[in-house]
Amino acid sequence: MTSRKTELLVGIFVALAIAATLLLALRVANQGMAGGGETYTLTARFDNIGGLKARSSVKVGGVIVGRVSRIYLNERDLVPMVEMEISTEYANTFPDTSSLSILTSGLLGEQFIGLKPGFIFPEDLEMIEEDKVCETSPYENCPYLTEGEEIMDTKSALVLEDLIGQFLFNQGNE
Amino acid sequence: MAESIVTVDKMHFSRGERVIYDDISLNVRKGAITAIMGPSGIGKTTLLKLIGGQLAPDSGSVLFQGSNVHKVSRHKLYELRRRMSMLFQSGALFTNMTVFDNVAFPLREHTHLNEDIIRTIVYLKLEAVGLRGAYDLMPSELSGGMARRAALARAIALDPDLIMYDEPFAGQDPISMGVLVSLIKSLNKALNLTSIVVTHDVTEVLSIADYVYILANKKIIGEGTPNEIRQSDSDLVQQFLEGKADGPVPFHYPAQDLRTALIGE
Amino acid sequence: MQKLINLGRGTLDYIAAIGSASMMLFGALFAFPTWKNTRLMVHQMYVVGVQSLLIIIVSGLFIGMVMALQGYTILVSYGAEGSLGPMVALSLLRELGPVVTALLFAGRAGSALTAEIGLMKATEQLSSLEMMAVDPLRRVLSPRFWAGVYSMPMLALIFSAVGILGGHLVGVDWLGVDSGSYWSIMQSTVEWNEDVVNGVIKALVFALVVVWIALYKGYHCIPTSEGISKATTETVVYSSLTILGLDFVLTALMFGIS
């Protein structure tokens, strides 16, 4: 029959398992940014995405603000499109003049999207204050990046072969 | 003739290609001790498993208190089994529980009695088999005879109508054999039970049985009260009772002629 | 001709075995523990879970330590020792945690389950349960089944966590990788759903398979000492092979295409 000691030990076992889960959740996987969390979607068009993958991170000066959610081909223009989910923590933060570039962390590291915030004209700031253009849909006049908006200014990934080709071409010219 | 509690009718049973029972019929009268005897290896245990519904016959029927054991639903079969119990050759005590918990097991599984009442019942049953002092031993600490008595206490815990004993005397010393013989007889009387004893120990069982069936060669070769059996003129029955090495039940397992096997043709 | 007949009969036997094993699985699945059986299950969790804890923790610790040591010597030559954290964490969470735990579990708990049930069969305890109108499926198999299915993923989680700590011990405390980068690069690489949850799903599937094989082999063994020893061996061999084969399938499903 089940004795008290057995029950106690099974309890300790379960507690250990929960502790392990907590360790994995908080220290290893960093649940904060990864899942859950409300996000809004942005899209961007690149000429070449290099080694970018779904779930690659979107960083602003090294701070992760979102993740790539989907990569697909624009069937009309035959260029890659990237869909990103940006945390709503950063809603109405990045001006719509921001630019994106695909960067590599370290020499062999993975690729990510670097977002470089643009600027906002002072008169736009007044407009936000007065007309509240960023608080209700449609956001057409809002000077910030909002749900579904496309970022125009993008810089493609560096492809080694292109670089070498360019280098040789320049050498030839000299 | 008194009411019968188990009726086996024209039962045929085979395992793979090997026929174990060919068309046997028998009756177990209520309140009596019925012995089923026969040489080893003819599937006497199988007969008990057939009555208990653990195995199903190829044809024929087994009735227990009027219900066909193999035709009723699983639920109903379990209900029937609560009214019968079986004492296995090895005792089959649960090795991870004490004797007390073993005897209490069927009570805890099938009744909602509180622990006080269960303890009373368990002590009474253990007292009946003379093992009340051994209640907190583990089965591994019991001798073979004690284990069988403890298993008997467990078998009668739910006050069944029928107990089936599978080789209760096998491998017992004369004293524990005597204890078991008298226990079977006295329990049968005191608890108003019906007993089926499957065995090949002739003298012990003839002393307590009310009615005897002798099985051999897939059939029932003799039946009757112990006295009728003793006076039977069947060669088979006499060979069995007297323990002759050779006779209608041959000494040799069926094989080709020795000369042919050794020399070849 | 005789060979052909034997082949056919063998195939039929095999299919029948799969059938009866599946029926047993469903029986055990649906015989979900009632309150009475919960206590039995807790007891079995003690047997299969708590008693496997030591071997799991020790193996996890050493595997984490060895991986940190091996990974460090390779990574340091690329100047990428910062990636030690994610390397250790991902290998443990995705592969080694579930797989090694399942293999150890099959050897430690699976074989014991088979032997125990086989012995219960040999000593007629299962028959005797039946005759007492107690369903062995419900009373004996189901608690063991559920205890195994619950315990295994927990053991795998503990294994991975201990392994990551072991990697930290060697990588950070002995070899001098920066503690901050060990954790933070791990954090930015490891995904909760992708890695941790998938690992747990793997462990759950392996648990199901191991316990299923162990119980089936025990329940259907030939009740002699030889039969039980054969069944025990088969449990370990079949479980291990199934784990490794399934691991490939699951990995392909989870991480293969994206």
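The structure we're discussing is the one just above.
Now for a description of the structure that goes with this document. Please read all numbers here as calculations on a predicted model, not as lab measurements.

Cut-offs applied
Residues numbered from 1 in each chain as written. Chains lettered and ligands numbered in written order. Predicted model: local features only at pLDDT ≥ 70, side-chain atom pairs only at ≥ 80, totals over all residues. Heavy atoms only, no water. Helix = DSSP H or I, 4+ residues; strand = E, 2+ residues; numbered from the N terminus. Areas by Shrake-Rupley, 256 points an atom, 1.4 Å probe, with all protein chains shown as cover. Patch = residues over 30% accessible without salt bridge, like charges linked within 9 Å, V, L, I, M, F, W, Y side chains within 5 Å. Salt bridge = Lys/Arg side-chain N within 4 Å of Asp/Glu carboxyl O. Buried < 20%, exposed > 50% of the residue type's maximum accessible area, 1.4 Å probe, protein only. Core = buried A, V, L, I, M, F, W, Y, C linked by side-chain atoms within 4.5 Å. Contact = heavy atoms within 4.5 Å. Pairing = 2+ DSSP bridges. Buried area = accessible area lost by both parts, 1.4 Å probe. Axes fitted to C-alpha atoms, helices over the stretch in contact; angles between N-to-C directions. Parallel < 35°, antiparallel > 145°, perpendicular 65-115°, else oblique. Left-handed = near helix turned anticlockwise from the far one by under 90°. Nonpolar A, V, L, I, M, F, W, Y, C, P; charged D, E, K, R; others polar.

A look at the overall build of chain A
Alright, step 1. Secondary structure assignment for chain A yields four helices and eight strands.
Alright, step 2. Sequence-ordered secondary structure for chain A, helices as α and strands as β, is α-α-β-β-β-β-β-β-α-β-β-α.
Alright, step 3. Total accessible area on chain A stands at roughly 10,700 Å², and carbon and sulfur atoms take up 55% of it.

Details of a nonpolar patch on the surface
All names here are of chain A.
Alright, step 1. A cluster of nonpolar residues, Leu158, Leu160, Leu163, Ile164, Phe167 and Leu168, forms a patch on the protein surface that exposes about 640 Å² of accessible area.
Alright, step 2. Position of isoleucine 164 among the secondary structure elements: in helix H4 (residues 160-173).
Alright, step 3. For isoleucine 164, a relative accessible area of 45% translates into the label partly exposed.

As for the nonpolar core
Alright, step 1. Counting residues in each nonpolar core, the largest one holds 83 residues, and the members touching the most others are A:Val28, C:Ile164 and C:Val190.
Alright, step 2. Top element by residues in this core is helix H5 (residues 136-174) of chain C. It accounts for 19 residues.
Alright, step 3. The contact partners of C:Val190, leaving out residues within four places of it in the chain, are A:Val28, A:Ala29, C:Ala89, C:Leu90, C:Leu93, C:Asp195 and C:Val196.
Alright, step 4. Judged by nonpolar contacts, the second largest core, of 47 residues, contains B:Leu131, B:Ile208, B:Val212 and B:Phe240.

Some words on the sheet that holds strand S4 (residues 79-87) of chain A
All names here are of chain A.
Alright, step 1. Strand order in the open sheet made by the eight strands is S7-S1-S4-S3-S2-S6-S5-S8, with mixed pairing throughout. The sheet is open, and its two borders are formed by strand S7 (150-151) and strand S8 (153-155), each paired with just one other strand.
Alright, step 2. Of the strand pairs in this sheet, strand S3 (residues 63-74) and S4 are connected by eight bridges, and their pairing is antiparallel. Looking at the pairing, asparagine 74 lines up with valine 79 of S4.

Some remarks on the interface of chain C and chain A
Alright, step 1. If you look at the interface, chain C gives 30 residues, while chain A gives 26 residues.
Alright, step 2. Carbon and sulfur atoms supply 73% of the area that chain C and chain A bury against each other, a total of about 2,600 Å² over both sides.
Alright, step 3. For the chain C face of the interface with chain A, the top three residues by lost area are C:Gln187, C:Glu191 and C:Trp192, together amounting to 24%.
Alright, step 4. In this structure, the connection of chain C to chain A is made through two salt bridges.
Alright, step 5. Between C:Arg39 and A:Glu7 there is a salt bridge, and its shortest N-O distance comes to 3.3 Å.

Some words on helix H1 (residues 44-51) of chain B
Alright, step 1. Burial analysis of H1(B) places six of its eight residues in the buried class, which makes it a mostly covered element.
Alright, step 2. Immediately beyond the C-terminal end of H1(B), within one or two residues, lies B:Gly53, with a positive phi of roughly 80 degrees.

Examining the pattern of salt bridges
Alright, step 1. Inspection of the entire model under this criterion finds 20 salt bridges over all chains.
Alright, step 2. We note a salt bridge from A:Arg70 to A:Glu83, for which the minimum N-O separation is 3.4 Å. Here A:Arg70 is found in strand S3, whereas its partner A:Glu83 is found in strand S4, with 13 residues between them in sequence.
Alright, step 3. Between B:Glu127 and B:Arg132 there is a salt bridge, and its shortest N-O distance comes to 2.4 Å.
Alright, step 4. What you see here is one network of salt bridges that share partners, running through A:Arg45, A:Arg76, A:Asp77 and A:Glu150.

Some words on the packing of helix H3 (residues 84-122) of chain C against helix H8 (residues 225-256) of chain C
Residues and elements named next belong to chain C.
Alright, step 1. Two elements in contact, H3 and H8, have axes separated by 9 Å at closest approach and are oriented at 150 degrees. Classified by the interaxial angle, the pair formed by H3 and H8 is roughly antiparallel. In terms of crossing hand, the pair formed by H3 and H8 is right-handed.
Alright, step 2. Among the residues forming the contact of H3 with H8, the class breakdown is 13 nonpolar, 10 polar and three charged.

Some points on the pairing of strand S8 (residues 194-199) of chain B
All names here are of chain B.
Alright, step 1. Of all six residues making up S8, six are buried, and the element is well covered by its neighbours.
Alright, step 2. Neither face of S8 is open: one carries Thr194, Ile196 and Val198, the other Ser195, Val197 and Thr199, and all of them are buried.
Alright, step 3. Of the strand pairs in this sheet, strand S3 (residues 33-37) and S8 are connected by five bridges, and their pairing is parallel. Opposite threonine 34, over in S8, you have isoleucine 196 as the bridge partner.

Notes on the sheet that holds strand S10 (residues 219-224) of chain B
Residues and elements named next belong to chain B.
Alright, step 1. The strand order S6-S7-S8-S3-S9-S10 describes an open sheet built from six strands, whose pairing is mixed. Each edge of the open sheet carries a strand with a single partner, namely strand S6 (84-87) and S10. This sheet shows a mean twist of 15 degrees between the axes of neighbouring strands, independent of strand direction.

Some points on the environment of B:Thr34
Residue and element names in this part refer to chain B.
Alright, step 1. Tracing the backbone through its elements, the reader meets threonine 34 in strand S3.
Alright, step 2. Classification of threonine 34 as buried rests on a relative accessible area of 1%.
Alright, step 3. For the pair formed by threonine 34 and alanine 209, sequence separation is 175 residues and the distance between their alpha carbons is 5.7 Å.
Alright, step 4. With residues near it in sequence (within four places) discarded, threonine 34 still touches Val28, Arg29, Ser195, Ile196, Val197, Tyr211 and Tyr213.

Notes on the pairing of S4(A)
Residues and elements named next belong to chain A.
Alright, step 1. Most of S4 sits inside the fold, with eight of its nine residues counted as buried.
Alright, step 2. The pairing of strand S1 (residues 39-45) with S4 spans seven bridges and is classified as antiparallel. Counted as the bridge partner of tyrosine 40 is isoleucine 86 from S4.
Alright, step 3. The hairpin formed by S3 and S4 contains four residues between the paired strands, and leucine 78 there has a positive phi angle of roughly 55 degrees.

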